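# Remarks on the overall topology
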Amino acid sequence: MYDVLIVGAGPAGIFTALEMLRNKSEKKIVIIEKGMAIENRHCPKTKTKKCMNCKPYCHITTGFSGAGAFSDGKLSLSYEVGGELPELIGADFAQQMINYTDSIYLEFGADTKIEGISETDKIKDIRKRAIQAGLKLVDCPIRHLGTEKAQEIYHRIQIYLLEHGVEILFSHSCENIILDENMCKGAVVKNVLTGESQTIYANNTIVTVGRRGALWFEKLCLEHSIGHQPGTVDIGVRVEVRNEIMEAVNDVLYESKLIGYPNPFRNKVRTFCQNPGGFVSQENYDDDLAVVNGHSYKELKSENTNLAILCSHNFNEPFNQPIEYAKKIGELTNMLGANKILVQRYGDILDGKRTWQKELTRSNIKPTLPDAVAGDITSAMPYRTMLNIINFIQAVDHVVPGFAGTETLLYSPELKFYSNRVKMDTNFNTNIKNLHSLGDSSGWTRGLMMASVMGVLMGKTLS
Ligand SMILES: Cc1cc2nc3c(=O)[nH]c(=O)nc-3n(C[C@H](O)[C@H](O)[C@H](O)COP(=O)(O)OP(=O)(O)OC[C@H]3O[C@@H](n4cnc5c(N)ncnc54)[C@H](O)[C@@H]3O)c2cc1C
């Protein structure tokens, strides 16, 4: 019998345990993690140069520190970025907790440098051009850990947790939660290597399974009547341009967070996860869905900058399954790309033609995702989403001249599944007693810092 059972060792889960230890809690904590310890997480693509579709899971998103370990490790230090948690706990308090959580990252070795707070005249000029283009520039200081440094920091946290008595069951997947009337008593977990199942009982159970677990958790919500509402799903593309095009923005902001509501639909469209000198990457979901992402290293730099352009989609009646909607678009795109990521030049989209491999070869921009397949993303992208993206790129071109260039690369599918917002009070209690939900799978966060903050707050409550 444990005091606290945490399902998922992503930032939200590990910061829950960490904060409990920092508060000198002597409660018995166990973490269930489907993937491996951080030192055993290896993506074979660095050697094979192509995605090997690892089974039983993808090492990029699964294992200690979750999707964070292999992420770019950009900590967004503003409450305006990273999800809707401030709506639940209040903006000022959220900012206070971001500052506190940032200090923990610093204790574990994060770089002291903060990007995006100097060169105010240059930022003013970027903002002016954004306003002229009908876009909003969001101020967000960034602490850039970098993919390799992020792994070192999370490794130190893993050692700290283990040395202070937190039990971590790696290669164990949660199959279901155990309910007794309206109270959660623990969970059924399966060893993914041996197939053996066991029941773990706990006074408090926290489900924090990230974007990859969002669909599974949505099913759990339906099965056990856990209060939730369909949230937003983001569908878009990963854009890649030469560093020369982006350097005016990269040099002063590192990441330009731009938001617009382009005509004719006026849906929210935004930039996300910008990686100067970065690499476009592929991640595979358990059901083989291949989606595109991007990251950057602290030392190893490419000649390109990549960033996501995302359109938010909401549904209500008669259809309310945003994750399924996005998945269908992903599957269609994967089908057209023979299960690889599709890439198309922006100019070809405007000309109404597919992109050919030989056209990519003679471009100034060399794709940093070498096994992406040249093709036609417009054959799978809904009209509304495609038009939103095209018009948004035209607007960004006013801020970053050359962004809407013929050779600009658009990779697809770029999907963010943080749908299904769990209904909770400010202590993250669901309508099921002793069951809590954190991080990206709760629908309240969508980034490392905000997920970590949610974990810190949970840890304080449970200490
Ligand atoms: C390539 C990439 C780059 C990114 N770059 C950034 C960035 O620069 N800045 C930023 O702020 N955010 C970034 N993100 C997003 C960020 O990583 C996530 O928002 C964050 O990790 C969410 O934390 P979490 O704890 O909610 O979930 P996750 O980090 O996804 O962790 C969930 C954990 O739960 C485990 N799990 C899932 N299902 C089960 C189950 N049934 N049983 C047991 N365990 C389970 C998973 O294996 C995983 O380890 C990036 C994501 C990716 C994939």
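Residues numbered from 1 in each chain as written. Predicted model: local features only at pLDDT ≥ 70, side-chain atom pairs only at ≥ 80, totals over all residues.

A few words on the site of the ligand. Looking at the ligand, there are 46 residues lining it, with G8, G10, G66, G210 and G439 nearest. The set of elements that each furnish at least two residues to the shell around the ligand consists of α1 (11–22), β3 (74–76), β7 (172–180), β14 (279–284), β15 (290–295) and α13 (448–462). Counted by class, the shell around the ligand contains 14 nonpolar, 23 polar and nine charged residues. Two domains each donate at least three residues to the shell around the ligand, and these are domain 1 (2–110 + 145–229 + 420–462) and domain 2 (120–140 + 232–416). (Near = placed C-beta within 6 Å. Helix = DSSP H or I, 4+ residues; strand = E, 2+ residues; numbered from the N terminus. Nonpolar A, V, L, I, M, F, W, Y, C, P; charged D, E, K, R; others polar. Domains from an automatic or database assignment.)

Below, the discussion takes up the pairing of strand β19 (residues 409–416). With eight of eight residues buried, β19 lies mostly within the body of the structure. As paired strands, strand β11 (residues 233–242) and β19 are joined by six bridges and run antiparallel to one another. Residue R238 lies in a different strand from β19, and its bridge partner there is Y411. Where strand β17 (residues 342–345) meets β19, four bridges bridge the pair, whose relative direction is antiparallel. Bridging from a neighbouring strand, Q344 pairs with L410 of β19. (Buried ≥ 20, exposed ≤ 12 C-beta atoms within 10 Å, placed from the backbone. Pairing = 2+ DSSP bridges.)

Turning to the packing of α1 against α13, a few remarks are in order. At a closest axis distance of 7 Å, the pairing of α1 and α13 adopts a crossing angle of 35°. By crossing handedness, the relation of α1 to α13 is classed as right-handed. Each of P11, A12, G13, I14, F15, T16, A17, L18, E19 and M20 in α1 lies in contact with α13, whose residues at this interface are L448, A451, S452, M454, G455, V456, M458, G459, K460 and L462. Residue classes in the contact of α1 with α13 are distributed as 13 nonpolar, five polar and two charged. (Axes fitted to C-alpha atoms, helices over the stretch in contact; angles between N-to-C directions. Left-handed = near helix turned anticlockwise from the far one by under 90°. Contact = placed C-beta atoms within 7 Å.)

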